[in-house]
Amino acid sequence: FSSFLFSASEEMRSTWQGKAGRSPLQALYESDQFEQSSLQAVHQQRREMLSNICSRYTRKRRLLQPDDLRHLVVDDTHGLLYCYVPKVACTNWKRVMMVLTGQGKYQDPLEIPAHEAHIPSNLRTLSEYSVPEINYRLRSYLKFVFVREPFERLVSAYRNKFTLSYNTAFHKRYGTRIIRRHRQEPSRRALERGDDVRFEEFVYYLLDPRTQQEEPFNEHWERVHSLCHPCIIHYDVVGKYETLAEDANYILQLVGADMSVKFPASSKTTRTTDDMTAQFFQDISPFYQRRLFNLYKMDYLLFNYSIPSYLRIR
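The chain goes by Carbohydrate sulfotransferase in an unreviewed UniProt entry, where it is assigned to Horornis vulcanius. Quoted verbatim from the Sequence similarities (unreviewed entry) field of UniProt, the annotation for the chain is "Belongs to the sulfotransferase 2 family." Reading the Subcellular location (unreviewed entry) entry of the UniProt record for the chain gives the comment "Golgi apparatus membrane".

Written out as structure tokens, the structure is:
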């Protein structure tokens, strides 16, 4: 299974690098219905940057496993593959994908409750298909992913999973373990509930070698390159959280989605910002800042994010 997938992925990479055939997006570019635009130039630049970094830093060949495809949501109606990344507008994208694949069952993405968007049976992922079907979709469908400044995404995940009272499942599963290992003289209540994890303790947990030895990172703080494999799977569009509305509309236009399908406007009220992220890092020592940056370095490089100015690692 994996070797077959790998050969399909290698073919995609060679297409991407201009050695064989045209990608679906290139074909669209060359058709009369799309005029060259500054937005197309931006996305071309992002793909080239990604390709260059991949060729520079990925020396070993990597075999795709079925688990590697669990984050690729499939829309067979519009020929679309979306790799979802938690904390990068993935709830709204899943809602939109439910509208696109729902055969008229859903009209407005915002009418779909957030919890419903995350029910696995509501959307098919590429891992559910046969090998020939996977191969065909990787080669033929338009593939996209959305990314975000890595530490902003990380702080957003921490705030959502460890500071909100309703996330008891995360407190029990991860919070109790983090407190047990990384807090000196924890109270019995903290050990039982795990609902008051400090950001500093969360950083220690991420950097603790035991963490990834025991199990993979949770998807909310796993690196994008580990979730979506952008050096193996060729993404036609790399959308950014910072340009979410423009990139989302661009993708919907590319696949010929019905004009009535609109990507939901984002709420700015509780959004994790760069300034907010900087505050969380104030109490993290330069030593741990550097180690954490190294952990997420590939995401910074692949998606062209600069080292945050608030870090004291130079």
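From this point, the discussion proceeds with the structure in view.
As a further point, take the overall build of the chain. Helix and strand counts for the chain stand at 16 helices and 4 strands. In the chain, buried positions account for 52% of the 314 residues. Taking all contacts inside the chain whose residues are at least 6 apart in sequence as the whole, residues at least 24 apart take part in 71%.

Another aspect to go through is the confidence of the model for the chain. In this model, the chain carries a mean pLDDT of 89, and residues with pLDDT of at least 70 account for 87%. Taken together, the stretch residues 6-20 has pLDDT below 50 and engages in 28 contacts with residues farther than four places along the chain or on a different chain. Across residues 31-36 the pLDDT falls below 50, and counting only partners more than four positions away or on other chains, this stretch makes 7 contacts in the model.

What follows covers the environment of Arg 139. Along the chain, Arg 139 falls in helix H6 (residues 131-140). Separated by 95 residues in the primary sequence, Arg 139 and His 234 place their C-alpha atoms 9.0 Å from one another.

With that settled, consider helix H4 (residues 90-101). Taking 1.5 Å per residue, 12 residues should reach 16 Å; H4 reaches 16 Å between its end C-alpha atoms and fits that length. The element H4 is largely enclosed, with a buried count of 10 among its 12 residues. Buried residues of H4: Cys 90, Asn 92, Trp 93, Lys 94, Arg 95, Val 96, Met 97, Met 98, Val 99 and Leu 100, and no others. If you follow the buried residues of H4, they end up packed against strand E1 (72-75), strand E2 (80-83), helix H5 (114-117), strand E3 (142-147) and helix H13 (244-254). Downstream of H4 by a residue or two, Gln 103 has a phi angle that is positive, lying close to 50°.

The next subject is the layout of surface pockets. Quantified by volume, the largest pocket comes out at close to 1300 Å³. Lining of the largest pocket is provided by 41 residues; of these, Lys 87, Cys 90, Thr 91, His 118 and Asn 160 occupy positions nearest its centre. Contributions of two or more residues to the lining of the largest pocket are made by H4, H5 and helix H7 (150-162). Per-element tally for the lining of the largest pocket: the top contributor is H4, with 5 residues.

Cut-off values and rules
Residues numbered from 1 in each chain as written. Predicted model: local features only at pLDDT ≥ 70, side-chain atom pairs only at ≥ 80, totals over all residues. Heavy atoms only, no water. UniProt positions renumbered as here; feature names shortened; annotations may be inferred. Helix = DSSP H or I, 4+ residues; strand = E, 2+ residues; numbered from the N terminus. Buried < 20%, exposed > 50% of the residue type's maximum accessible area, 1.4 Å probe, protein only. Contact = heavy atoms within 4.5 Å. pLDDT = per-residue confidence, 0-100. Expected span 1.5 Å × (residues − 1). 1 Å grid on protein atoms, 1.4 Å probe; cavity = no way out; pocket = protein on both sides within 12 Å on 5 of 7 lines; lining within 4 Å. Points joined across faces, edges and corners; volume = space filled by probe spheres on them.

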